[in-house]
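Structure at a glance
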Amino acid sequence: MRPEKLIMQAFGSYGSRTEIDFRRPRTNLFLITGDTGAGKTTIFDAISFALYGEGSTGDFHKTGQSLQSNYADLSVEPYVEFTFSNLENGEKAYYTVRRSPKHSVPKVRGEGTKDVSETVTLIMNDGKNYPTKEIDGKLQELVGLTKAQFMQVAMIAQGEFRKLLTAPSKDRKEIFRKLFHTDIYEEINNRLKARHDAMNQQFQKLLTECQTEAARITIPEDADAAESLSTLQKSICSAKELSISDLEALQENLISLNQSTVEKWKDMTKETGE
């Protein structure tokens, strides 16, 4: 999400209509600076309110009449209009959200004021208005971040960056995943882990089968290298990981033992004349 233009009227410390054009600087990073009381926090409040219906972070959330400016006549409608863009299919898509906080207006008849409820509109890239009841959900979908996440990484107010640095690793991982669109890499990681787990199950099954077959082997006590063969057999049967070299060594020794036994049997057959 890239901010394009912000308009504020009778909002916070901005009594008159004020427009900030973010398209003028050719950069993706904006620094809002100025003297104390210059209205920096109000800009944060305006963007946050436009997108999420609340002012910027703090010990309390600024909403409704707390955002109506004391520097404008009550007859002037307070509102925020925020235009931002997203890169979609290689091209910029523009969206404009206009939100008016709950505020007081003079009564048409008689003295005093009456309250006017908050209103919100969202103009999509195709110029059509989005359904009012679904705007808040759509805005979060377009931005890709919750309000708390947005305040931590997109608009870093005074002292807020520390909260990101000290956040639990799980929370930071989720923020950065959404911010840098690394979902595809997480999906690749999950698929590789699934394949690893499946292969590991096959391996464990194969290990059990090999150990079962190895345990069934009876090694003659008078066989050549009977002691080393017995040691190799025990090593395979108690192993937690399958050793191909041990299995090959056992197989070669068994083949040699079998051939030796066959030769002995042939010699015994000749001697007995059978």
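Above this note sits the structure.
This text gives an overview of the structure that appears in the document. (Residues numbered from 1 in each chain as written. Predicted model: local features only at pLDDT ≥ 70, side-chain atom pairs only at ≥ 80, totals over all residues. Heavy atoms only, no water.)

**Some details on the overall build of the protein**
Stated formally: Helix and strand labels come from DSSP, where a helix needs a run of H or I of at least four residues and a strand needs a run of E of at least two; each type is numbered from the N terminus. The buried label applies to any residue whose accessible area, calculated with a 1.4 Å probe on protein chains only, is under 20% of its type's maximum; exposed applies above 50%, and partly exposed to all values in between. In short, Shrake-Rupley with a 1.4 Å probe defines the accessible areas, and a residue's cover is counted only from the protein chains shown.
In terms of regular secondary structure, the protein is built from 8 helices and 7 strands. By residue count, 32% of the 274 residues in the protein fall in the buried class. Surface summary for the protein: the accessible area is close to 18600 Å², and the carbon and sulfur share equals 50%.

**Concerning the pattern of salt bridges**
In plain terms, the rule: For salt bridges, the criterion is a side-chain nitrogen of Lys or Arg within 4 Å of an Asp or Glu carboxyl oxygen.
According to the stated counting rule, one finds 13 salt bridges in the structure shown. Note that Lys 147 and Glu 54 form a salt bridge whose closest N and O atoms lie 3.1 Å from each other. Of this pair, Lys 147 sits in helix 3 (residues 147-153) while Glu 54 sits in the loop between helix 1 (40-52) and strand 3 (79-88), and the two are 93 residues apart along the sequence. Between Arg 98 and Glu 77 there is a salt bridge, with the nearest N and O atoms lying 3.4 Å from each other. Of the two residues, Arg 98 sits in strand 4 (residues 91-100) while Glu 77 sits in the loop between helix 1 and strand 3, which places them 21 residues apart along the sequence.

**Quick look at the nonpolar core**
This is how it is decided: The criterion is simple. A nonpolar core is a set of buried Ala, Val, Leu, Ile, Met, Phe, Trp, Tyr and Cys residues joined through side-chain atoms within 4.5 Å. A contact between two residues is defined here by any heavy atoms of the two lying within 4.5 Å.
Core analysis: the largest hydrophobic core is formed by 31 residues, its most contacted members being Leu 6, Met 8, Ile 47, Leu 51, Val 80, Phe 82 and Phe 150. Mapped onto this core, the elements with two or more residues apiece are strand 1 (2-9), helix 1, strand 3, strand 4, strand 7 (119-123), helix 2 (135-143) and helix 3. Discounting residues that sit within four places of it in the chain, Met 8 has contacts with Tyr 14, Ser 16, Arg 17, Thr 18, Ile 20, Thr 42, Ile 43, Ala 46, Tyr 79 and Val 80. Counting 9 residues, the second largest nonpolar core, distinct from the first, contains Ala 223, Leu 229, Leu 232 and Ile 236.

**Considerations on the environment of Gln 211**
Structurally, Gln 211 is set in helix 6 (residues 183-215). Spatially, the C-alpha atom of Gln 211 lies 9.6 Å from that of Ser 235, the residues being 24 residues apart in sequence. When residues no more than four places from it in sequence are discounted, the contact partners of Gln 211 are Ile 236, Cys 237, Ser 238 and Ala 239.

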